[in-house]
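Each chain, written out:
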Amino acid sequence: MILEIYDYVGKKYATSKGDVRRQCECVALILSYPPEKSVMLKMMLLAGVGGFVGTCLRYLTGKLCHLLVVGSFPLATFVVNIIGSFIIGLLFGVAERTHTVTPAVSALLITGFCGGFTTFSSFANDIFLLLQNRNWMTLIFYAGLTLILGVVLVWAGRAVARG
C-alpha cells in the first residue's frame, strides 16, 4: 500500500510505501505539519465564518430595507456601510485601548464580519446606477452622506471604545 500526503497547494508532503509502521511514521510527519501553515488555515476559517455571518446579516438588512422604503435611494447598502463603519471603528478602538483583540478575533470580526457585512462594490454600483439615471441629487446626497457618516462613525466607534 502506498500512502501519499499533499499539502494545501498540492505539493507532495510525504510518501510512505510498505508496512503499517512506515505509514504511521508518515501520519506522524503530517501531525508535525509546520505550525505557521495551520495558523494561516485557522485564520482563514475564522475570517470565513465571520464573513458568512456578516453576509447573512447584510442580506437580511437588504430585505428589511426593501420592505420599509421604496425609492431610488439605496438604503440597504447605505445602512450596512454606516453600521459597519461604526463597528469597525469600535473594534479598532478596543484593540488600541485594551490590546486584547487577538489576531483570531481580528480575523473573525474585522476581516470576516465587517468585510462580509459592508460592501464597497455595491456602493460603487449604486453610484454608477444613479449616474446612469442622472439622479444627481440622490447621487450627491448618497455619496456625500455615506463618506461623511462613514468616517464620523469610525471615529465614534473608536471614541466609544476609548471610554
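Residue positions are given per chain, counting from 1 as you read along its sequence in written order. Where totals are concerned, whole chains, interfaces and linings use all residues; where local detail is concerned, this predicted model gives features only for residues with pLDDT of at least 70, and gives and counts side-chain atom pairs only at 80 or more. Hydrogens and waters are ignored; side-chain quantities use all the structure's heavy atoms.

(A) Region of interest: the nonpolar core. Residues belong to a common nonpolar core when they are buried Ala, Val, Leu, Ile, Met, Phe, Trp, Tyr or Cys residues joined through side-chain atoms within 4.5 Å. Burial classification: accessible surface area is computed with a 1.4 Å probe over protein chains only, and a residue below 20% of its type maximum counts as buried, one above 50% as exposed, and the rest as partly exposed. Counting 8 residues, the largest nonpolar core consists of Phe-78, Ile-82, Phe-123, Ile-127, Leu-130, Leu-139, Tyr-142 and Ala-143. Secondary structure elements follow DSSP: runs of H or I no shorter than four residues count as helices, runs of E no shorter than two count as strands, and numbering proceeds from the N terminus. Those elements giving two or more residues to this core turn out to be helix 3 (75-98), helix 5 (120-132) and helix 6 (136-162). The contact definition used throughout considers only heavy atoms, calling two residues in contact when any of these lie within 4.5 Å. Ignoring anything within four residues of it in the chain, the contact list for Ile-82 reads Leu-145, Thr-146, Leu-149, Gly-150 and Leu-153.

(B) Representation of the pattern of salt bridges. Take a side-chain nitrogen of Lys or Arg and a carboxyl oxygen of Asp or Glu: if they are within 4 Å of each other, that pair is a salt bridge. Applying the stated criterion across every chain, the model contains 1 salt bridge. One salt bridge connects Arg-158 with Glu-96, and the closest N-O pair in it is separated by 2.5 Å. A residue pair is termed long-range when its members are at least 10 positions apart, and Arg-158 in helix 6 and Glu-96 in helix 3 qualify at 62 residues. By relative accessible area, Glu-96 is classed as partly exposed at 44%.

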